[in-house]
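Residue-level listing of the chains:
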Amino acid sequence: FAYLLYTHNKYTTMESKIIFALDVYDYNTAMELARTVGEKVFAIKINWPVILENGIKIVRDLSKYANIICDFKLADIDNTVSMITTKVKEYGGYGIISHSFTGLNSLKAVVKSAGNMKVFSVVSMSQESYLDNITEELIKISREAGVYGLVAPGNRPYYLKKVKELSEGLKIISPGVGAQGGDIVNAMLLGSDYVIIGRSIYNSLDPLGTLEGFSSSINNKLNK
Ligand code: NUP
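Residues numbered from 1 in each chain as written. Predicted model: local features only at pLDDT ≥ 70, side-chain atom pairs only at ≥ 80, totals over all residues. Heavy atoms only, no water.

**A closer look at the overall build of the protein chain**
Where we set the bar: Counting from the N terminus, the helices are DSSP H or I runs at least four residues long and the strands are E runs at least two residues long. Both definitions apply: the radius of gyration is a C-alpha atom measure, and the globule rule equals 2.2 Å times residues to the power 0.38. Throughout, a contact is declared for two residues whenever any of their heavy atoms are within 4.5 Å. Every accessible area reported is derived by Shrake-Rupley at a probe size of 1.4 Å, with residue values counting cover from the shown protein chains alone.
Of regular secondary structure, the protein chain possesses 11 helices and eight strands. Taken against the 2.2 N^0.38 rule, which gives 17 Å for 224 residues, the C-alpha radius of gyration of the protein chain at 16 Å falls within 12% of a compact globule. Seen through its principal axes, the protein chain has C-alpha atoms that stretch 45 × 40 × 30 Å. Contacts spanning at least 24 positions in sequence make up 65% of the contacts within the protein chain whose residues lie at least 6 apart. As displayed, the protein chain has an accessible area near 10600 Å², and 52% of this comes from carbon and sulfur atoms.

**Some words on the packing of aromatic side chains**
As a reminder of what qualifies: Classification of ring pairs rests on two measures: the distance between centres of Phe, Tyr or Trp rings, Trp counted by its six-membered ring, which must be within 6.5 Å, and the angle between planes, read as stacked under 30 degrees, edge-to-face over 60 and tilted in between. Geometrically, a charge over a ring is one whose NZ (Lys) or CZ (Arg) sits within 6 Å of the ring centre while staying within 35 degrees of the ring normal.
Enumeration over the complete set of coordinates arrives at six aromatic pairs. The interplanar angle of 90° and the centroid separation of 5.7 Å between the aromatic rings of Phe-120 and Tyr-148 together place this pair among those described as edge-to-face. Placement of Phe-120 in strand 5 (residues 118-122) and of Tyr-148 in the loop between helix 7 (135-145) and strand 6 (149-151) is noted, with a sequence separation of 28 residues between them. Following the ring pairs from residue to residue traces out a cluster consisting of Phe-42, Tyr-94 and Tyr-194. Sitting above the plane of the Tyr-148 ring, Lys-118 keeps its charged end 4.8 Å from the centroid.

**A look at the site of the ligand**
Note the following rule: Near is defined per residue: the residue qualifies when any heavy atom it owns lies within 4 Å of the molecule or strand. Contacts described as polar in this section are N or O atom pairs within 3.5 Å, which, within protein, must combine one atom able to donate a hydrogen with one able to accept it, while residues neighboring in sequence count only if both atoms come from side chains. Any residue outside Ala, Val, Leu, Ile, Met, Phe, Trp, Tyr, Cys, Pro, Asp, Glu, Lys and Arg is labelled polar, Gly included; the first ten of those are nonpolar and the last four are charged.
Around the ligand, the surrounding shell holds 14 residues, and the nearest of these are Asp-23, Lys-45, Asp-71, Ser-126 and Arg-199. Lys-73 is positioned with one of its side-chain polar atoms (N or O) 3.0 Å from a nitrogen atom of the ligand. Interatomic distance of 2.7 Å between a side-chain N/O atom of Arg-199 and an oxygen atom of the ligand. With the chains in place, 90% of the 480 Å² that the ligand exposes on its own is no longer accessible. Of all the secondary structure elements, the ones that give two or more residues to the shell around the ligand are strand 3 (68-74) and strand 8 (194-197). A class-by-class count of the residues in the shell around the ligand yields five nonpolar, four polar and five charged.

**Here's the deal with the pattern of salt bridges**
What counts, and what does not: The rule for a salt bridge is simple: a side-chain nitrogen of Lys or Arg has to be within 4 Å of a carboxyl oxygen of Asp or Glu. Categorising residues by exposure relies on relative accessible area from a 1.4 Å probe, with only protein chains included: less than 20% of the type maximum marks a residue as buried, more than 50% marks it as exposed, and the intermediate range marks it as partly exposed.
On inspection of all chains with the given rule, the structure shows eight salt bridges. The salt bridge partner of Glu-90 is Lys-87, with a shortest N-O separation of 3.2 Å. Here the residue Glu-90 and the residue Lys-87 both occupy positions in helix 5 (residues 78-90), the gap between them amounting to three residues, near one helical turn. Of the residues examined, Glu-90 reaches a relative accessible area of 39% and is grouped as partly exposed. Among the salt bridges present, the one from Lys-161 reaches Glu-165, with a minimum N-O distance of 3.7 Å. Within this pair, Lys-161 and its partner Glu-165 are both found in helix 8 (residues 157-166), separated by four residues, close to a single helical turn. Residues joined in a network through salt bridges with shared partners are Lys-45, Asp-71 and Lys-73.

**Some details on the confidence of the model for the protein chain**
For clarity, the threshold we go by: Per residue, pLDDT measures the predictor's confidence, with a range of 0 to 100.
On average, the protein chain scores 94 in pLDDT, and the residues at 70 or more come to 93%. Counting interchain partners and residues more than four positions distant, the pLDDT-below-50 stretch residues 1-12 has 24 contacts. Of the two predicted TM-score estimates for the complex, the pTM is 0.94 and the ipTM is 0.99.

**As for the pairing of strand 3**
Spelled out, the test is: Should DSSP find at least two bridges between two strands, the strands are regarded as paired.
The buried count for strand 3 comes to six of seven residues, which makes it a mostly enclosed element. When strand 2 (residues 43-46) meets strand 3, the two strands line up parallel, connected through three bridges. Residue pairing in the sheet places Lys-45 in a bridge with Ile-69 of strand 3. Two strands pair when backbone bridges link them, and strand 3 and strand 4 (residues 95-99) are joined in this way by three bridges, in the parallel orientation.

**Here's the deal with the sheet that holds strand 7 (residues 171-174)**
Inclusion rule: Axis lines are fitted to C-alpha atoms, over the contacting stretch for helices. Their N-to-C directions set the angle, which ranges from 0 to 180 degrees.
Overall, parallel pairing links the eight strands, which are arranged 1-2-3-4-5-6-7-8 in a closed barrel. The average angle at which neighbouring strand axes cross in this sheet is 25°, direction not considered.

Here is the structure:
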């Protein structure tokens, strides 16, 4: 338990507005990227690629360098989402991402098993083909379930703005910046609290420099 407390927040720059999406397969590559950028980001978000290759234990290993958010996009019955969430907590996850279209009971089960972990629910996606017709209801369900934050697209301004208007103080984290065409400053101005950036950073020749470039573009434009 003490180990978990120690790893949480120890190294991460809480002021950073960037969540790094670490979508690689290879263990050493993942650890090296985490070591390089961990101190400069709010959190590192991992997804199925790195888990399928390495197993859940990598959450604990990566937690040495940053808060880890597990983007598992849970979408199942209450018992199954509880079992998955419990495992993520056991391995020191900082946060977990769940879908919300499965409804209140399922999302409540995630929040309950998450304990101190932050739960973020997807209410709109960066994929243009996402079915946005129930976004308003998804936000309502999310609030009722007691999630910490919402996932809303940083590359689709209309939907990001709409989510922000209905979010009532829930944190908004936004993918879609960089490789998917979204602009970091626009996303922040429209209401994202944190932007999620993957390929633009890990595919660049200088991941740390690229990350710092994103950070300074926020600081330059938003602090004026
Ligand atoms: O709507 C979403 N869009 C999206 O890209 C919800 C997500 N969770 N993501 C994830 O964010 C996606 O799976 C990937 O891990 C990251 C974006 O990465 P990139 O496009 O910056 O490389």
